[in-house]
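Coordinates in review
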Amino acid sequence: MNSIPYFDGHCDTISLCEKEGRSLRENGGHLDLMRLKAYSGAAQFFAMYHDLADAPADGMFAECRRQQAVFAREMARNADIVTQCRTAAEVKRANAEGKIAALLSCEGSELLNCDPANLDWAKKVGVKAINLTWNHANLIAGSNLHEPQRGLNDLGRAFVRKAQRCGILMDVSHCSDAAFWDLMEITAAPVIASHSNSRSIRRHTRNITDEMFRAIMQTGGVVGINYWVEFVAPGDDPAMEDVVAHIDHFMELGGAKHVGLGGDFDGCDRLAGGMRGLEDVPLLWEALSKRGYSDALLEDIFYNNFLRVIG
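Owing to the predicted nature of the structure, the values given are computational and were not obtained by experimental measurement.

**Some remarks on the overall build of the protein chain**
In terms of regular secondary structure, the protein chain is built from 12 helices and nine strands. Rg of the C-alpha trace for the protein chain: 18 Å, near the compact-globule value of 19 Å for 311 residues, within the 12% margin. Viewed in the frame of its principal axes, the protein chain has a C-alpha envelope of about 50 × 45 × 35 Å. The buried share of the protein chain, reckoned over its 311 residues, is 62%. Taking all contacts inside the protein chain whose residues are at least 6 apart in sequence as the whole, residues at least 24 apart take part in 70%. For the protein chain, the accessible area works out to roughly 11500 Å², and carbon and sulfur atoms hold 49% of it. Across the protein chain, the mean location of the 32 positive side-chain charges is 6 Å away from that of the 42 negative side-chain charges.

**Observations regarding the packing of helix H7 (residues 177-186) against helix H8 (residues 210-219)**
Axis separation between H7 and H8 bottoms out at 11 Å; the angle between their running directions is 30°. Taken as axis vectors, H7 and H8 run roughly parallel relative to one another. Once H7 is placed against H8, the crossing between them reads as left-handed. Of the residues in H8, those in contact with Asp177, Phe180, Trp181 and Met184 of H7 are Glu211, Met212, Ala215, Ile216 and Thr219.

**Quick notes on the confidence of the model for the protein chain**
Summarising the model, the protein chain shows a mean pLDDT of 97, and 100% of its residues fall at 70 or more. Ranking the helices and strands of the protein chain by mean pLDDT puts strand E7 (residues 191-193) first, with 99, and helix H1 (residues 13-20) last, with 95.

**Points about the nonpolar core**
Here is a general trend for soluble globular proteins: nonpolar side chains tend to be buried in one another's company. Judged by nonpolar contacts, the single largest core of 88 residues is most densely connected at Phe46, Leu112, Tyr227, Val281, Leu284 and Phe302. Ignoring anything within four residues of it in the chain, the contact list for Phe46 reads Cys11, Thr13, Ile14, Leu24, Leu31, Leu33, Leu36, Phe71, Ala102, Leu103, Leu104 and Ser105. In terms of nonpolar packing, the next biggest core, distinct from the first, is built from 18 residues, Cys85, Ala88, Ala101 and Ile192 among them.

**Side note on helix H3 (residues 60-77)**
Side chains that are three or four residues apart share a direction in an α-helix, a result of its 3.6 residues per turn. Here H3 contains 18 residues, and its C-alpha end-to-end distance of 26 Å stays within 8% of the 26 Å for a straight helix at 1.5 Å per residue. Considering only its buried residues, H3 is in contact with H1, strand E2 (42-48), strand E3 (82-84), strand E4 (100-106) and helix H5 (119-125).

**Focus: the pairing of strand E5 (residues 127-131)**
Most of E5 is tucked away, with five of its five residues classed as buried. Note that E4 and E5 share three bridges and pair parallel. By the bridge assignment, Ser105 is partnered in E5 with Ala129. Where E5 lies against strand E6 (residues 169-171), three bridges are found, and the strand directions are parallel. For Ile130, the partnering residue across the bridge sits in E6 and is Met170.

**Things to note about the packing of aromatic side chains**
Across all of its chains, the model carries 13 aromatic pairs by this definition. A centroid spacing of 5.3 Å and a plane angle of 90° characterise the contact between Phe61 and Trp121, whose relative ring orientation is edge-to-face. Here Phe61, found in helix H3, pairs with Trp121, found in helix H5; they are 60 residues apart in sequence, far enough to count as distant. Judged by its relative accessible area of 12%, Phe61 is buried. For Trp121, a relative accessible area of 19% translates into the label buried. Linked through ring pairs, Phe7, Phe45, Tyr303 and Phe306 together constitute an aromatic cluster. A cation sits over an aromatic face here: Arg65 above Phe61, 4.4 Å from the ring centre.

**Quick notes on unusual backbone geometry**
Glycine aside, residues mostly have negative phi, and peptide bonds are mostly found in the trans state. Of note, Glu147 is a non-glycine position whose phi angle comes to about 55°, a positive value. The topology assignment puts Glu147 in the loop between E5 and helix H6 (154-165). On the basis of relative accessibility, which here comes to 30%, the residue Glu147 falls in the partly exposed class. In the Ramachandran plot, Asp264 falls in the positive-phi region, its phi being about 65° despite a non-glycine side chain. Its place among the elements puts Asp264 in the loop between strand E9 (259-261) and helix H11 (282-290).

**Examining the environment of Phe46**
By the secondary structure assignment, Phe46 is in strand E2. For Phe46, a relative accessible area of 0% gives the class buried. Considered as a pair, Phe46 and Ala102 are 56 residues apart in the sequence and their alpha carbons are 6.9 Å apart.

Reading the values: the criteria
Residues numbered from 1 in each chain as written. Predicted model: local features only at pLDDT ≥ 70, side-chain atom pairs only at ≥ 80, totals over all residues. Heavy atoms only, no water. Helix = DSSP H or I, 4+ residues; strand = E, 2+ residues; numbered from the N terminus. Rg over C-alpha atoms; globule rule 2.2 N^0.38 Å. Buried < 20%, exposed > 50% of the residue type's maximum accessible area, 1.4 Å probe, protein only. Contact = heavy atoms within 4.5 Å. Areas by Shrake-Rupley, 256 points an atom, 1.4 Å probe, with all protein chains shown as cover. Lys, Arg positive; Asp, Glu negative; His and termini not counted. Charge placed at Lys NZ, Arg CZ, Asp CG, Glu CD. Axes fitted to C-alpha atoms, helices over the stretch in contact; angles between N-to-C directions. Parallel < 35°, antiparallel > 145°, perpendicular 65-115°, else oblique. Left-handed = near helix turned anticlockwise from the far one by under 90°. pLDDT = per-residue confidence, 0-100. Core = buried A, V, L, I, M, F, W, Y, C linked by side-chain atoms within 4.5 Å. Expected span 1.5 Å × (residues − 1). Pairing = 2+ DSSP bridges. Phe/Tyr/Trp six-rings, centres within 6.5 Å; stacked < 30°, edge-to-face > 60°. Lys NZ or Arg CZ within 6 Å of the ring centre and 35° of its normal.

Spelled out as structure tokens, the structure:
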């Protein structure tokens, strides 16, 4: 791993640190800092997440603030090996100093009560990306599973515009197709799908169509490949070749500068390709290399493409 760079667009580890008291430095889940440290320059988006259907008594924004406090605590406790970053320059500097670059995201605008006013707080604490929705429809849009016919409303458009003015990326993983296309009409910045695969390869509403991928490319955005079995292929045990098939397809659409990693670590129970966690991602590098992917192209997929899009 010490020769492979690593930049991943989504994991749920921080929410589990908050809910289960896990240590970010070392734990028995899919991902921790010691395993990230083994890569040749590592950057990871850490998502704050909570199910809207089980909102706490004091509300979703209060839960978001609790998780951000856990993230900040873990950054301070592990300052010898990790630092929070907001820009590509900060990521490169952290990696040059031998540290992991940690970036913060919100998996669902409901964590901010879908309120544009709360984006000021998000910017202040360094949130760099926000999913429009998780799997439940919220105040600004429908999701891939709940009210999928509902797009962005006026509040959603105001939320997007302010988020982008704050330098926060809009993430379309989980949102409805209608919301996706409404976002594309107004976006003034690159759009990401932090952890989604190709719907042409695996028909699932959480994956994106070829037309969506082309639209994301036109914004300069990136799609992160998800390892959860349900989004990779039918059956209980998709092979690494099934993961590769999604990347191959995006490459055929011209996606060399627009595909990254979005493993969904600690947000799913079963990983494709025989992977147990972060330590097995080099198996994907090896599979792509055997398929003829050059080291330069692999470095783009594994690191450079997400680095570019965060600006």
